[in-house]
Amino acid sequence: MPTPVRFSPSVETPAPDEAETIKGLEEQFKIILDTTSADYGHAVRSVHAKGHGLARATLTVADGLPPELAQGLFAQPGSYDAVLRLSTNAGDILDDAISLPRGLALKIMGVPGERLQGADGSTQDFVMVNGPTFAAPNPKAFLGNLKLLAKTTDKAEGAKKVLSSVLRGAEATLEAFGGESSLLSTLGGAKPVHPLGATYYTQTPFRYGDYIAKFSLKPVSGIKDFADETINASGRPDAIREAVNELLVEQGGTWELQVQLCTDLEKMPIEDPTVLWDEKESPFRTVATLTAEPQAAWESGKSEKTEDALSFAPWHGLAAHQPLGGVNRARRDPYEFSAGYRAKFNGCPIHEPAATSELA
């Protein structure tokens, strides 16, 4: 294996106008939140608003990891309570016939160690999507994409269904020739895969103790057989919840949490998450196992309360897993703003649970 790059603050190069861009992102988050809160009489997330399942789980850190993998949370073997949330990426709650990327947010509880500034509690969050690269190369492009999404929030759901079908056809054509487009998927052209069969990626890099890494979560139990399974949501606005509930009740799920160490800063840049880190240069390697016993993933009237009391963000966690790169830096304040907005509007304090027994 090539020698992994050691972490240093110098690996980041913030843009001179980054603070202004972050302010713009927060403004777009507020536009989305104001719109959806007025519509629903209830505040939902400004991105990944629609949840498809919440599952209580256990994360078990592997024993005997080599030194370069035994870092931060993974420095010692052990087991932790965890909760995972499945979602799609829009800021409004849409019919599942509009085909969007799948998201998986993971919160690990009772994690010891030095915290990131402002990261209350003892949790470590990982926010992931079922694609290895981000749709924007930098915060400014991220802002441009978000402005487009803000303009279409709560607009013409029927037209979005038609557009989704058209974009899905375009994306399928790209895939047939060995390509894909993160932007087409984000706008509604994503393949309607089963969320439990998908592999998820942080897309952006993080500090990994002494090193730098990206994370992924890969299904390894029977749910892996659903990797190519698609969900027909025609006439079924909540088809994804139904499919997730059916499969998770039947067999639960097991995933491997994996890391891909940065071994070359030129080939594996920190500031541009649209660049794919080549797995031939540095493969994903397993550091922990996530297990969810068979359970109902969504219980109407109950799951909504759990959703309201939780927030997931890359900056909830350990200093040893500091988010890196412009897109991650740009997420910090807007995500915090979004969670605070929801808490105030809904009159429901958001807290960091120490164990799954504290979940609503």
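Residues numbered from 1 in each chain as written. Predicted model: local features only at pLDDT ≥ 70, side-chain atom pairs only at ≥ 80, totals over all residues. Heavy atoms only, no water.

**Q** Got a minute to help me understand the pairing of strand S2 (residues 78-88) in this structure?
**A** Taken residue by residue, a regular strand's side chains alternate between the two faces of the sheet. Burial runs high along S2: eight of the eleven residues are buried. Summarising the sheet, S2 and strand S3 (residues 102-108) pair through seven bridges and their orientation is antiparallel. Looking across to S3, one finds that Thr 88 is bridged to Arg 102. (Buried < 20%, exposed > 50% of the residue type's maximum accessible area, 1.4 Å probe, protein only. Helix = DSSP H or I, 4+ residues; strand = E, 2+ residues; numbered from the N terminus. Pairing = 2+ DSSP bridges.)

**Q** How should I be thinking about unusual backbone geometry in this particular structure?
**A** One can expect most non-glycine residues to show negative phi and most peptide bonds to be in trans. One non-glycine residue with positive phi stands out, namely His 48, at about 55 degrees. With respect to the helices and strands, His 48 occurs in the loop between helix H1 (18-40) and strand S1 (51-61). Residue class for His 48 comes out buried when judged on its relative accessible area of 16%.

**Q** What should I look at first to understand the side chain of Arg 45 in this one?
**A** Inspection of the secondary structure assignment puts Arg 45 in the loop between H1 and S1. Buried Arg 45, no salt bridge; nearest opposite-charge side chain is Glu 307, N-O distance 4.2 Å. At 3.3 Å, the side chain of Arg 45 and the backbone oxygen of Glu 307 are in polar contact. From its side chain, Arg 45 meets the backbone oxygen of Leu 310 in a polar contact 2.7 Å long. Beyond its immediate stretch of four places on either side in the chain, Arg 45 contacts Leu 33, Arg 85, Gly 91, Glu 307, Leu 310, Ser 311, Phe 312, Ser 338 and Arg 342. (Lys, Arg positive; Asp, Glu negative; His and termini not counted. Salt bridge = Lys/Arg side-chain N within 4 Å of Asp/Glu carboxyl O. Polar contact = N/O pair within 3.5 Å; in protein donor to acceptor, adjacent residues only side chain to side chain. Contact = heavy atoms within 4.5 Å.)

**Q** When you look at the environment of Val 111 in this model, what are you seeing that I'm missing?
**A** For Val 111, the position within the fold is in the loop between S3 and strand S4 (124-129). Overall, Val 111 belongs to the buried group, its relative accessible area being 3%. Here the alpha-carbon distance between Val 111 and Tyr 80, two residues 31 residues apart in the chain, equals 7.5 Å. When sequence neighbours within four positions are dropped, the list of residues in contact with Val 111 reads Leu 73, Tyr 80, Ser 122, Gln 124 and Leu 318.

**Q** When you look at the side chain of Ser 303 in this model, what are you seeing that I'm missing?
**A** Inspection of the secondary structure assignment puts Ser 303 in helix H6 (residues 303-309). Contact partners of Ser 303, with chain neighbours within four places excluded, come to Leu 54, Ala 297 and Trp 298.

**Q** Explanation requested: the packing of aromatic side chains in the structure shown.
**A** Each pair of aromatic rings is reported with the distance of its centres and the angle of its planes. Applying the stated rule across the entire model yields ten aromatic pairs. When the ring of Phe 134 is compared with that of Phe 142, the centres are 5.3 Å apart and the planes differ by 85 degrees; the resulting orientation is edge-to-face. Ring pairing ties together the aromatic residues Phe 74, Phe 126, Phe 206, Tyr 208 and Phe 215, which thus form one cluster. Across from the ring centre of Trp 298, 3.9 Å away, lies the NZ or CZ of Arg 241, which sits over that ring. (Phe/Tyr/Trp six-rings, centres within 6.5 Å; stacked < 30°, edge-to-face > 60°. Lys NZ or Arg CZ within 6 Å of the ring centre and 35° of its normal.)

**Q** Any chance you could explain the packing of H1 against helix H7 (residues 326-346) here in plain terms?
**A** Running from N to C, H1 and H7 cross one another at 30 degrees; their axes reach a closest spacing of 9 Å. With respect to the hand of their crossing, H1 and H7 are arranged in right-handed fashion. Of H7, the residues touching H1 (which contributes Glu 18, Ile 22, Leu 25, Glu 26, Phe 29, Lys 30, Leu 33, Asp 34 and Ser 37) are Gly 326, Arg 329, Ala 330, Asp 333, Pro 334, Tyr 335, Phe 337, Ser 338, Tyr 341 and Phe 345. For the contact of H1 with H7, the residue count by class is ten nonpolar, three polar and six charged. (Axes fitted to C-alpha atoms, helices over the stretch in contact; angles between N-to-C directions. Left-handed = near helix turned anticlockwise from the far one by under 90°. Nonpolar A, V, L, I, M, F, W, Y, C, P; charged D, E, K, R; others polar.)

**Q** How should I be thinking about the nonpolar core in this particular structure?
**A** A general tendency of soluble globular proteins is for nonpolar side chains to be buried together. One finds Phe 74, Tyr 208 and Leu 290 to be the most contacted residues of the largest nonpolar core, which totals 46 residues. Here this core takes six residues from helix H5 (residues 239-251), the largest share from any one element. Core analysis: the second largest hydrophobic core is formed by 15 residues, Leu 25, Ala 136, Ala 150 and Ala 313 among them. (Core = buried A, V, L, I, M, F, W, Y, C linked by side-chain atoms within 4.5 Å.)

**Q** Just to check I follow, could you spell out the pairing of S1 for this structure?
**A** Of all eleven residues making up S1, eight are buried, and the element is well covered by its neighbours. Strand direction decides the pairing type here: S1 and S2, joined by ten bridges, are antiparallel. For Leu 59, the partnering residue across the bridge sits in S2 and is Tyr 80. Summarising the sheet, S1 and strand S9 (residues 285-292) pair through four bridges and their orientation is antiparallel. The residue bridging Leu 59 from the neighbouring strand is Leu 290, located in S9.

**Q** I would appreciate a short explanation of the environment of Glu 18 in the present structure.
**A** Structurally, Glu 18 is set in helix H1. With relative accessibility at 8%, the residue Glu 18 sits in the buried group. Spatially, the C-alpha atoms of Glu 18 and Pro 139 are 7.2 Å apart, while their sequence positions differ by 121 residues. Sequence-distant contacts of Glu 18, defined by excluding residues within four places in its chain, comprise Pro 139, Gly 326 and Arg 329.

**Q** Can you walk me through the confidence of the model for the chain in this structure?
**A** Parts of the prediction with low pLDDT should not have their coordinates interpreted in detail. Confidence along the chain averages 90 in pLDDT terms, with 90% of residues attaining 70 or more. A low-confidence stretch, residues 156-179 stays under pLDDT 50, and its non-local contacts, those more than four residues away or across chains, total 40 contacts. Below a pLDDT of 50 lies the segment residues 183-188, which in the model reaches 28 contacts outside its immediate sequence neighbourhood of four places, other chains included. (pLDDT = per-residue confidence, 0-100.)

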